[in-house]
Amino acid sequence: MHHAYRSQREEKNPMSQARTGPVVGVLAGAGIVVSLMQTLVVPLIPQLPQLLHTTAANASWAITATLLAGAVATPVLGRLGDMYGKRRVLLISLALLVVGSVVCGLSSSLAPMVVGRALQGVGAGVIPLGISIMRDELPPQKLGSSMALMSSSLGIGGAFGLPLSAVIAENASWHALFWISAALGALIAGAVVAFVPESPVRSGGRFDVVGAIGLTIGLVALLLAISKGGDWGWASGSTLGMFAVAAVVLPVWGWWELRTEQPLVDLRTSARRQVLMTNLASVVIGFAMYAMSLVSPQLLQLPTTTGYGLGQSMVQAGLWMAPAGLVMMLLSPISAKLSRAKGPKVSLLVGAVIITAGYLAALALMGHAWGVLVFSCLISGGIAFAYAAMPALIMGAVPASETAAANGLNALMRSIGTSTSSAVIGVVLAHMTIDFHGRALPSEGGFRTAFVIGAGAAVLAGLVTLAIPGIRKVAALKAVPAEAAAVAEGAAAK
């Protein structure tokens, strides 16, 4: 809708074309910084109880806090970006990430670490906001590849972050990880100020405070039950109580959103088949992506004397997995070309098929470190195709004034998928074990079961994708309103 007017504006101002490179680079860099932040503490997980002078169960809150804050922040920040300016809200997200990194860098106990990690989690809103800025600012011919790169930045940063953080953690104080995170956040925020313009597309209106509170309570209860159920016990009062709170609050929240004039999340738009099926696919793709992230490092680092472990150090394991990030970066423009030629539905389906093939290959290749590299690259390649297609599918079905909120909701769906994956794969590996010198380690059968579950999730994602409306059908349904909106926007600009 906004593209028709933007194309006219660019013809009059050729300098806008020259600025697209820095805009894309800075926004993708912001996404990579956010994903780097999320992997920073992975090398520290075994040492966190000792470093923070607490128990292992309490130390896990340093991970859970980031997950919860990111899940809540993405739809809320998306809506605020649509209302008050996407660049402004993106800068606020980066500022909170920097503050959170500084708090963690200064902390030596649990409470400030959890606060700092929660503030870092707010940075998760950067990726959907960046994609939305791209829609508003870039010419149509550059939009697909740019969104693909931005969407894939989550996996790219994660792949590079593991070996980088492992090297730093082994050779410097653990606080250095957070000071580096703070410096990178400040640097990318300065680049956003210098190169990224504020979007002129805003919805205005009043912020839905009741909806934000309801969504926060419902999401926190749901994700706490999923992520902490293994520690608390799936039949414990705490876990069942959290599930009960979510089961009560989320339907009430949906009732409110359908009746308020300016909802936090437009559920009527979200219920459109194209948006709904894409969001459901996002949950399952997020599940499949995180399963690899959980299983591969453990398999690489288990002792070779187990008979199936590969005996790699944390740094070596990270280096074996780092090429997967390069694969995502290289394939994101190819997936954009496929989306442009055949439609994003085809790109998403191709991604699901490649992910399935990667997990099936893992069953044969898991006995070699190079085999882990091969199947992790395959799975990451499929994720690149899938992640590149999702924003295009979402934005093809929502008005420009709701882009950031819709992308924020889609990012939330991925978070629910990764949280569920963590819980399910964690249960599998915790219950399918061997006794290794008095320690319970995940068994070979546990790893194989996890790979089969990952493949099943990818197959399910493919089936959901088939339910997304066909390209021609969607185009036909949207042609008239899109043209009308373009004319209206052009008239308003004059």
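The structure this text deals with has already been given above.
Calculation notes
Residues numbered from 1 in each chain as written. Predicted model: local features only at pLDDT ≥ 70, side-chain atom pairs only at ≥ 80, totals over all residues. Heavy atoms only, no water. Helix = DSSP H or I, 4+ residues; strand = E, 2+ residues; numbered from the N terminus. Buried < 20%, exposed > 50% of the residue type's maximum accessible area, 1.4 Å probe, protein only. Contact = heavy atoms within 4.5 Å. Areas by Shrake-Rupley, 256 points an atom, 1.4 Å probe, with all protein chains shown as cover. Lys, Arg positive; Asp, Glu negative; His and termini not counted. Charge placed at Lys NZ, Arg CZ, Asp CG, Glu CD. Pairing = 2+ DSSP bridges. Phe/Tyr/Trp six-rings, centres within 6.5 Å; stacked < 30°, edge-to-face > 60°. Axes fitted to C-alpha atoms, helices over the stretch in contact; angles between N-to-C directions. Parallel < 35°, antiparallel > 145°, perpendicular 65-115°, else oblique.

A.B. asks: Is there a simple way to think about the overall build of the protein in this case?
C.D. replies: On a plain count of helices and strands, the protein comes out with 22 helices and two strands. The principal-axis extents of the C-alpha atoms in the protein amount to approximately 75 × 45 × 45 Å. Taking all 494 residues of the protein together, 54% fall into the buried category. In the protein, of all internal contacts separated by at least 6 residues, the share reaching a separation of at least 24 is 81%. Carbon and sulfur atoms provide 70% of the accessible area of the protein, an area that totals close to 19,400 Å². Each charge sign in the protein was given a centre, from 29 positive and 17 negative side chains, and these centres are 6 Å apart.

A.B. asks: Teacher, can you tell me more about the pairing of strand β1 (residues 433–436) here?
C.D. replies: Successive residues of a regular strand alternate their side chains across the two faces of the sheet. Here β1 runs beside strand β2 (residues 439–442); their pairing, made up of four bridges, is antiparallel. Paired with isoleucine 434 across the bridge in β2 is leucine 441. Connecting β1 to the antiparallel partner β2 that follows it, the hairpin turn spans two residues, and histidine 437 within it adopts a positive phi of roughly 50 degrees.

A.B. asks: I would appreciate a short explanation of the packing of aromatic side chains in the present structure.
C.D. replies: The relative placement of two aromatic rings is captured by the distance of their centres and the angle of their planes. All chains considered together, the criterion is met by four aromatic pairs. Ring centres of tyrosine 308 and phenylalanine 447 lie 6.2 Å apart, and the angle between their planes is 65 degrees; on these two criteria the pair is classed as edge-to-face. Taken together, the positions of tyrosine 308 in the loop between α15 (273–301) and α16 (314–321) and phenylalanine 447 in helix α21 (residues 444–466) put the pair 139 residues apart, joining distant regions of the chain. Residue classification places tyrosine 308 among the buried residues on the basis of a relative accessible area of 8%.

A.B. asks: Where do I start with the packing of helix α12 (residues 209–232) against helix α20 (residues 403–431) in this structure?
C.D. replies: Packed helix pairs are specified by the crossing angle of their axes together with the interaxial distance, meaning the distance between the axes. For the pair α12 and α20, interaxial distance at closest approach is 9 Å and the crossing angle is 25 degrees. Taken as axis vectors, α12 and α20 run roughly parallel relative to one another. In contact with Leu219, Leu223 and Ile226 of α12, α20 contributes Leu412, Ile416, Ser419, Thr420 and Ala423.

A.B. asks: Quick question: what am I supposed to make of the environment of isoleucine 434 here?
C.D. replies: Here isoleucine 434 is to be found in strand β1. On the basis of relative accessible area, isoleucine 434 is assigned to the partly exposed category, the value being 27%. As for isoleucine 434 and alanine 111, which are separated by 323 residues in sequence, their C-alpha atoms are 35 Å apart. Sequence-distant contacts of isoleucine 434, that is, excluding residues within four places in its chain, are made with Thr306, Tyr308, Arg439, Ala440, Leu441 and Ser443.

In short, geometric facts, not functional conclusions.
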